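Examination of the molecular architecture
Take a look at the letters that make up each chain.
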Amino acid sequence: MLSTIAIESLKRRKTTAILTLLSITISISLLLCVDIIRSQVKTSFTRTVSGVDLIVGAPSGQLNLLLSSVFNIGTPTKGIEYKSVASLKSNKQVSWLIPLSLGDTHRGFRVVGTTNSFFDHFKYGDMQSLEMAEGSVFTQPLSTVVGADIAKSLGYKVGDKIIISHGLGSVSFNNHDDHPFTISGVLKKTGTPVDKAVYVTLQGLEEAHTGPKLSPTSMLGRKSADKANEHEHEHEHEHEHEHEHDKHTEEHAPYNSEAFTPESVSVVMLGLKHRVTALQLQYQINQSKKEPLMAILPGMALAELWQIMGNVESLLLGLSGLIVICALIGLATMLLATMRERYQEIAVLRTIGAGPFTLLLLIQIEAMLLTTVSAALSLGLVAGLMSMLKPWLSSTYGLFLSSPLFGQSSVIIILLILGCTYLVSLFPAVAAYKRGLHAGLNANS
Amino acid sequence: MNTINKNNSTHSQRNALEKECKTAIEVSNLQFSYTKESAPIIDIEAWQVSKGEHVFLSGPSGSGKSTLLNLLCGTLTPTQGDIALLEQPFSALSNRQRDKFRARNIGVVFQQFNLIPYLSVAQNINAAVYFAGAKTSKETADAQLRHLLDKLQLPSHVLHAKADALSIGQQQRVAIARALINDPQLLIVDEPTSALDTDARDSFMSLLKDVAAESTMIFVSHDKAMESYFDRHCSMSELSPCTNHVKASGDKTQIVQERA
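Procedures and definitions
Residues numbered from 1 in each chain as written. Chains lettered and ligands numbered in written order. Predicted model: local features only at pLDDT ≥ 70, side-chain atom pairs only at ≥ 80, totals over all residues. UniProt positions renumbered as here; feature names shortened; annotations may be inferred. Axes fitted to C-alpha atoms, helices over the stretch in contact; angles between N-to-C directions. Helix = DSSP H or I, 4+ residues; strand = E, 2+ residues; numbered from the N terminus. Left-handed = near helix turned anticlockwise from the far one by under 90°. Contact = placed C-beta atoms within 7 Å. Nonpolar A, V, L, I, M, F, W, Y, C, P; charged D, E, K, R; others polar. Buried ≥ 20, exposed ≤ 12 C-beta atoms within 10 Å, placed from the backbone. Pairing = 2+ DSSP bridges.

- Looking at an unreviewed UniProt entry, one finds chain B named ABC transporter ATP-binding protein, with Alteromonas portus as its source organism.

- In the annotation of an unreviewed UniProt entry, chain A is listed under the name ABC transporter permease and assigned to Alteromonas portus.
- On record in UniProt, under Subcellular location (unreviewed entry), the comment for chain A is "Cell membrane".

**Digging into the packing of helix α11 (residues 298-339) of chain A against helix α14 (residues 408-424) of chain A**
All names here are of chain A.
- Taken N-terminus to C-terminus, the directions of α11 and α14 make an angle of 35°; their axes are 9 Å apart at the nearest point. α14 is crossed by α11, and the crossing has right-handed handedness. Seen from α11, the contacting residues are V324, I325, L328, I329, L331 and A332; seen from α14, they are I417, C420, T421 and V424.
- The residue inventory of the contact of α11 with α14, partitioned by class, reads nine nonpolar, one polar and no charged.

**Quick look at the pairing of strand β8 (residues 143-146) of chain A**
Residues and elements named next belong to chain A.
- Residue alternation in β8 divides its side chains into two sets, S143 and V145 and T144 and V146, and both sets are buried.
- Summarising the sheet, β8 and strand β11 (residues 181-187) pair through four bridges and their orientation is parallel. In the strand pairing of β11, V146 is matched with V186.
- Relative to strand β12 (residues 197-201), β8 is paired through three bridges, and the arrangement is antiparallel. Residue V145 lies in a different strand from β12, and its bridge partner there is Y199.

**A short note on the sheet that holds strand β1 (residues 23-32) of chain B**
All names here are of chain B.
- Judged by pairing direction, the sheet is antiparallel, and its three strands sit side by side in the order β2-β1-β4 without closing on themselves. Two strands bound the open sheet, and with one partner strand each, they are β2 (42-50) and β4 (80-85). Taking each pair of neighbouring strands and ignoring which way they run, the sheet shows an average axis angle of 10°.
- As paired elements, β1 and β2 share eight bridges and run antiparallel to each other. By the bridge assignment for β2, S28 is matched with A46.

**Considerations on the sheet that holds strand β3 (residues 54-58) of chain B**
Residue and element names in this part refer to chain B.
- Taken together, the five strands give an open sheet; going across it, the order is β5-β6-β7-β3-β8, and neighbouring strands pair in parallel fashion. Looking at the sheet topology across the chains shown, the edges are occupied by β5 (106-109) and β8 (232-235). Pairs of neighbouring strands in the sheet enclose a mean axial angle of 20°, with direction left out of account.
- Pairing analysis gives four bridges linking β3 to strand β7 (residues 216-220), with the strands arranged parallel. Note that in β7 the partner of H54 across the bridge is M217.
- Running at roughly 155° to strand β6 (residues 186-190), helix α2 (residues 65-73) makes contact with β3, β5, β6 and β7 of the sheet.

**Some words on unusual backbone geometry**
All names here are of chain B.
- Here the phi dihedral of E87 falls at roughly 65°; this positive angle occurs in a residue that is not glycine.
- Note on placement: E87 falls in the loop between β4 and α3 (95-105).
- You can call E87 partly exposed: it has 15 C-beta atoms within 10 Å.
- Even without being a glycine, D183 presents a positive backbone phi close to 55°.
- Summarising the element assignment, D183 is placed in the loop between α6 (168-180) and β6.
- By the C-beta count within 10 Å, which is 23 here, D183 ends up buried.

What follows is the structure, given as structure tokens:
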């Protein structure tokens, strides 16, 4: 009966009830959105790289190294000499090694110079390997493999030729037009920055940079460039038939991208035979006297980065929480404001037997009803909104929404809001209770 | 009302109490004032109403009629003195006990009927059943409700109509139905005929006397012409001769709120 009275009472005050409902729904939705994006970003964040035990680069900072190597954000660190790379490769503790050369772009997307070991060893999410949606890994020095988002947004397919640009700007006038790369493969979507990167061979990248166009950020060894030049020079003096034959062989023989040795690379990712030796090797690398190097543990660097982002996220969550509190105070104000016009109703209920506690309960049921309906509407609204924005979030921000959308934190938020509703509705409920104690027959007169 | 077979324990207890009780209301040394400093508005040395008696209580506006009714209902607490209803020390009961007692034993018909406008007729009447805590089955409650509506000459289709969609006459009848649904032993009626013309008033009184024949009734009005319908007439000036009558009801409301 109490819930019937509460529902009918709210229906009677339809306009104010709907406005209050809307206000609470919007604020709960906002809070849920912030929470979902926070948790999804965290999930997306932690799945960016897995299985890489150490990342080695020139000494800069752990975040800078992580951002440039894993997230393709920021300025790459100064390169490390290949002899250091070779030394790491020969270390007994190292199982595999991925060299990365950074600093160029293609139509605003980062270009990463690497070897086929990247496609063999790089893992994301729960140790998931990279897979080809189309084509294959590098087949020749001027091969390129593009991420899923690039292929989709730029409409690329295997066999297409692309030109890379010097530097990191989205618009560059320094294009390596004389070295077009042929797309040999398109990667499957990963939901990580891999989707937005163009992978080229270290050899191809070095060839593109030969001559006066050496970039300080993507510095590749002149030694290697010279080697490439020598290679070209030899070609000039060979018979045309032989040249044709060589090209033919190049197209059909499996290409060994590891064989090429550049003078330097930007970063190296390491996989160890035993993960427990990671700290020991990190210490050894950081103490290296041959060349100053810095090794970071990706997990720790990610945790540090998340801690920084966590502050912003907490601020957003706090602001959204305040908005919800404001909406709930609005609810209490609405109930309090209607108390005056309900004095007669309270007096009637009191005289037909409703005790002051029943009146208190009645007002609280009304408040709880409004908040519960708002919470249900918010869950529906946020689910709908997220499903609508899913493609846009993934394409624009690289945020991949995974199921389930609502987690434990969403449940806690809803319960907290219901608890707050209980507290703020005490004000009008106590007003009704007090009024109830003195409600008389002539309350309307 | 008594023709309906009621098989619940609450009702059996009430019937037993009814048989034993001879005095419905007994007031002794009753005083009430809205503030500690002010002189009492109600000051009744002794007053008794026998069971089944229909009493007409009159007095000018501000003479304390409604305050006395509030005291009899338990929505106000006496400053001093005792009220016994159905030989129970009503004024000594706790708030919760008083609420229960009122819901089960006292029916109230308000001056302006005071139906809850957004509830249907059935919901208005059932609310009184619910707050009384009656443990009747739905079928018995429905039968009781329909019997009462028949007696009050209300068509059954009004049951689902909202209270504010009814005519004044229908609202009157629904208010009576709500007051009588729990078969109260004491019926308090607060100036329900003040807005009615003579014919409508006579018709209402006949109906009320008929349906409340077995209850004790306190009927408040300032219209002395209605005295003839009742067994006894009590004037507030005789009951409470030396009191500080409040002249404006607005002042009274303010005082009540200040006390709260």
